Amino acid sequence: MDATGAVRLGRPGQDWARLVPLVEVTATGHGRMWSGERFIETAIGERLTYRGHETVRRGDGERTTIRLMDTGTGLAAHVTLETRTGSRCLRARVRLVNEGDVALRLESVSTLALGGVVDGAGGLDGLTLHWADNDWLAECRWRQDGFRRRVVPLSRSAHGHEGRGCFERYSQGSWSTGRHLPVAGLTDSEGRAWLWQIESSAGWRFETGEREGAAYVALFGPDDAHHQWRHMLAPGEEFHTVPAVLVHTETGGLDAAFGELTDHRRSIRRDHPDHRALPVIYNDYMNTLMGDPTTERLLPLIEAAGAAGAEVFVIDAGWYDDDAQGWWDAVGAWEPAPRRFPGGLPEVLDAVRAHGMTAGLWLEPEVVGVRSPLARTLPPEAFFRRGGLRVTEHGRHHLDLRHPAARAHLDEVVDRLVGEWGVGYLKLDYNINIGPGTENGSESAGAGLLGHHRAHLDWMASLLDRHPGLVLENCGSGGLRMDYAQLAVAQLQSTSDQQDLLRYPPIAAAAATAVTPEQAAVWAYPQPDHTLDEIALTLTGALLGRVHLSGFLNQMSPEQSGLVRSAISLYKELRPELGGARPFWPLGLPGWEDEWIAHGLRGPAATFLSVCRRAPQNAGAATPSSTLAIPHLRGRHVRPVVLYPPTADAAAEWDADAGRLTLSLPRGNTAVLLRLDSVTADARG
C-alpha cells in the first residue's frame, strides 16, 4: 500500500512509482488518467484504497482476499489471489460490488495488474517478449522479439510523461484462440521468466509496456474497445472477472515457467478418470472418411482400429447427414441418417463395443443450421441476436445456452446419445466465429457472449455430473478455442485440423504450451500409400500427447500394420508417466519452417524426447545431425535409447559435461522418440 492508501502489487522496498494499482477499472464517465492505448492508469484504479484482507489456508494452498474501495463511486473490489505450496504461480480473480447509489457502466476490468517487473542486469534492453499466433491449421506458432523492439524507448525525461502505447494481444469474437493464444511471457538474459495465462472463452486481452523505466503486465477479460463488452452494474449488484494466472521463475527460462504452468493447469481442471487412463482414440475423420461415414465404410475401420490397439472409436462428422442439399446448414436435431446406416447407427456402435472399444460421436452442439426445423421451432430468444435480428454465420444460427429451451434441447440430445445409445465419448466441435456476441435485452454483445460461455461451461459440467464416465473433447475447428476456461472442464483438446503430416510437427511440438500433454489430442494418420518413414513420422508426433489415430488401417500391408501396432503398444507403456511430466524444448519453441523440431517430457522417473527432421526445400541446406540442449541432465551419465521407430537409423551421442545430445537422422522427413536413461557407474562399466 502506498502513501495515498492505494494498493499496488510488488515486492517490499520496491519503488512505488513503478507499480500499478492492483485493479484497473474503466467505466463510462471514469476513464484513464493518461489517455492512450493502455488500460492502466485508470481514474478508479488510482482511487481504490485498502479496506482489509483475509487469508485462508486450504490443503496445499493459500487464498488471500484483499478488499478495496473507491469512495468516489462506491465501487468495492475484492481481489482474490491464490497460491499453492511449492508453486511459482499466482492465480487472480476480482469481484466488483456496487455499494453506491448510482449504476456504473463498466467498460474494462483487470484481473491482474503488475508493475515493476524485474528487468535484470540488462534493463529493459535485456528483456525478450514471447507470444503465440494461432490460426486454423497453424496453431501454437510462437514468436519472440526484444522487448525494446516492441516497446520503444521514448526519452521520457525529455517530456515528463509516460508513453501512450503498449504491446497487446487480444481475442476477437467467439473463437478464443482464433488469432493468438491467451498465453505470453517475458524472459531476461539471466534465465528468469514471467509467463501469464488468461482463462476465458469469451474475450481476453493482455498488455505489457513500460512504466517508470520498468516493465508492467496487465491481464483482462473482455472489454468495450476490443469485444463490445459493457456491463451495467446497478447498486447492490456484483461482477466477477475471468481468472488469470501469472508464473514467475528465477532460473530455467521458458521451459521452467511452462513446467509451472503445466502443473497449474492440472490443479484447476475437473478430476476425471480419463486423465489417468489416457486411452488411445481412433477417429474416422482426418484424411480418411472426412465427414462421409456409412456402415459399409466404418465396419472395416472398426475392426482394423481394434486390432491396432485403439480403445475409443469416434464416428466424426456426417453421421446425421441425410439431406440432399448437404448437412452443413441443416444440422441441429442430431438424429442418425437412415440411408447411411441401413441397420441403424446403434448397430455400428455395437460393433465398436464388440471390438473392445468405447463408442464416440462428433457433435457441434451450439449451432443450428438455417434449414433445420429447429431454427423455426425453438423460440427466438434461444438464439444469438444483435439489433433485434437473429445472427447468421456460414449458414448457421447460434444457441444461447442461458435460455432454458436451448439447454433442454441439448440435454435431450446428449441423454439420448449417452443414456440410450451407450456413447461414452463426445467430440464437441465449434466451426463458426459468431462475432462479438448476443444482445439479450439491453445487454451489450460482449456481455451476452460472456454470459453464454459461462452457461456453456455449466452445461458441460452438468453432462459430466449426470454421466460421470463420459469423456468430452473440446474442438474449435481444431485449436481455435483452446483456453483453460473450457479445458478445466473438458478432458481433451483438439490441437489442429492440419492434414499435411509435414506441417503437423511444429503444432504437435508446441501443443504443450497451450494444454497439458495428456489433454493434447494429436492426429496420427498413417496411410497405406505412405512410406515406412512417413508412417513413423506421423505416429511419433503423437506419442507424447494423446494419440488420435486415423487412416485406412484396414488397407495396410503387414509391415505397415506392424509399425502402427508397435507405436500404439509403446504408447500404452509410456502413458502412466505422461500425466505428471513437464514439457521442455531442447531446440527452443519450434518455428513453422524449422528443419529440426524437438520437444520432450521430463518426468520423475525418465526423460522422453521426440525429434523430427523435415527435409528442407533446398536439399543442399540439409543438416543430418542436430545438437540438443538438455540442461536438467547436465553432469549425469545418460544412455539414449531409441524407443520408436526401429526404421529411423538414428544415432545419438551424449555429452554429460555440456548436457547436450547430438542426434543424427540420415534421412529427411523422419522422426524418432528416445528415452534418456541416467545410468550408474556400475551400469556403464
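Definitions and limits used
Residues numbered from 1 in each chain as written. Predicted model: local features only at pLDDT ≥ 70, side-chain atom pairs only at ≥ 80, totals over all residues. Heavy atoms only, no water. Helix = DSSP H or I, 4+ residues; strand = E, 2+ residues; numbered from the N terminus. Buried < 20%, exposed > 50% of the residue type's maximum accessible area, 1.4 Å probe, protein only. Contact = heavy atoms within 4.5 Å. Areas by Shrake-Rupley, 256 points an atom, 1.4 Å probe, with all protein chains shown as cover. Core = buried A, V, L, I, M, F, W, Y, C linked by side-chain atoms within 4.5 Å. Phe/Tyr/Trp six-rings, centres within 6.5 Å; stacked < 30°, edge-to-face > 60°. Lys NZ or Arg CZ within 6 Å of the ring centre and 35° of its normal. Salt bridge = Lys/Arg side-chain N within 4 Å of Asp/Glu carboxyl O. Pairing = 2+ DSSP bridges. Axes fitted to C-alpha atoms, helices over the stretch in contact; angles between N-to-C directions. Arc of directions from axis to C-beta.

Draft legend 1. The arrangement of the overall build of the chain in detail. Broken down by element type, the chain carries 16 helices and 36 strands. Out of the 685 residues in the chain, the part that is buried amounts to 60%. Counted over contacts in the chain with a minimum sequence separation of 6, partners at least 24 positions apart contribute 69%. Accessible surface for the chain amounts to roughly 25000 Å². Of this, 49% is attributable to carbon and sulfur atoms.

Draft legend 2. Inspection of the nonpolar core at higher detail. Grouped together as the largest cluster of nonpolar side chains are 153 residues, with contacts concentrated most on Val23, Phe313, Trp319, Leu361, Leu426 and Leu549. The leading source of residues in this core is helix 12 (residues 445–466), at 10 residues. Each residue touching Phe313, except ones within four places of it in the same chain, is listed here: Tyr282, Asp284, Leu298, Leu301, Ile302, Ala305, Val352, Met357, Thr358, Ala359 and Gly360. One finds Val247, Ala512, Val515 and Ala520 within the second-largest nonpolar core, a separate group that totals 24 residues.

Draft legend 3. Summary view of the packing of aromatic side chains. Considering all chains together, one arrives at 17 aromatic pairs under this definition. Ring centres of Trp319 and Tyr320 lie 5.3 Å apart, and the angle between their planes is 75°; this geometry places the pair in the edge-to-face category. When its relative accessible area of 0% is taken as the criterion, Trp319 is described as buried. Residue classification places Tyr320 among the buried positions, given a relative accessible area of 10%. Ring pairing ties together the aromatic residues Trp319, Tyr320, Trp327, Trp328, Trp334, Trp362 and Trp421, which thus form one cluster. The positively charged end of Arg205 is found above the aromatic ring belonging to Phe39, 4.4 Å away from the centroid. Over the aromatic face of Phe383 sits the side chain of Arg390, whose NZ or CZ is 4.0 Å from the ring centroid.

Draft legend 4. Summary view of the environment of Ala510. Along the chain, Ala510 turns up in helix 13 (residues 504–510). For the pair Ala510 and Pro583, spaced 73 residues apart in the sequence, the C-alpha separation amounts to 9.4 Å. Other than its neighbours up to four places away in sequence, Ala510 contacts Cys140, Trp142, Trp585 and Pro590.

Draft legend 5. Representation of the pattern of salt bridges in the model. Tallied over the entire structure, the rule returns 55 salt bridges. The partner of Arg266 in a salt bridge is Asp263, and the shortest N-O contact between them spans 3.8 Å. With Arg266 and Asp263 both in helix 5 (residues 253–268), this residue pair falls 3 residues apart, about one helical turn. Assessed through its relative accessible area of 23%, Asp263 is described here as partly exposed.

Draft legend 6. Spatial organisation of the sheet that holds strand 28 (residues 546–549). Within the closed barrel, the 8 strands sit side by side as 17-18-19-24-25-26-27-28. Their pairing is parallel. Within the sheet, the average angular offset between the axes of one strand and its neighbour, ignoring direction, is 30°. Relative to the sheet, helix 11 (residues 404–420) contacts strand 19 (358–363) and strand 24 (425–428), its axis offset from that of strand 19 by approximately 160°.

Draft legend 7. Structural context of the sheet that holds strand 35 (residues 660–664). Spatially, 32-35-34 is the arrangement adopted by the 3 strands of the open sheet, whose pairing is antiparallel. With one partner strand each, in any of the chains shown, strand 32 (625–629) and strand 34 (651–655) form the two edges of the open sheet. Between one strand axis and the next, the sheet turns by 20° as a mean value, whatever way the strands run. Where strand 34 lies against strand 35, 5 bridges are found, and the strand directions are antiparallel. In the strand pairing of strand 35, Ala651 is matched with Ser664.

Draft legend 8. Spatial organisation of helix 9 (residues 345–354). Turning to helix 9, its buried residues number three or more, namely Leu345, Val348, Leu349, Ala351 and Val352. In an axial view of helix 9, the angular spread of the buried residues amounts to 155°, which keeps them on one side of the axis. Against the buried residues of helix 9 lie helix 8 (295–308), strand 18 (312–315) and strand 19. Gly356 sits one or two residues past helix 9 and shows a positive phi near 80°.

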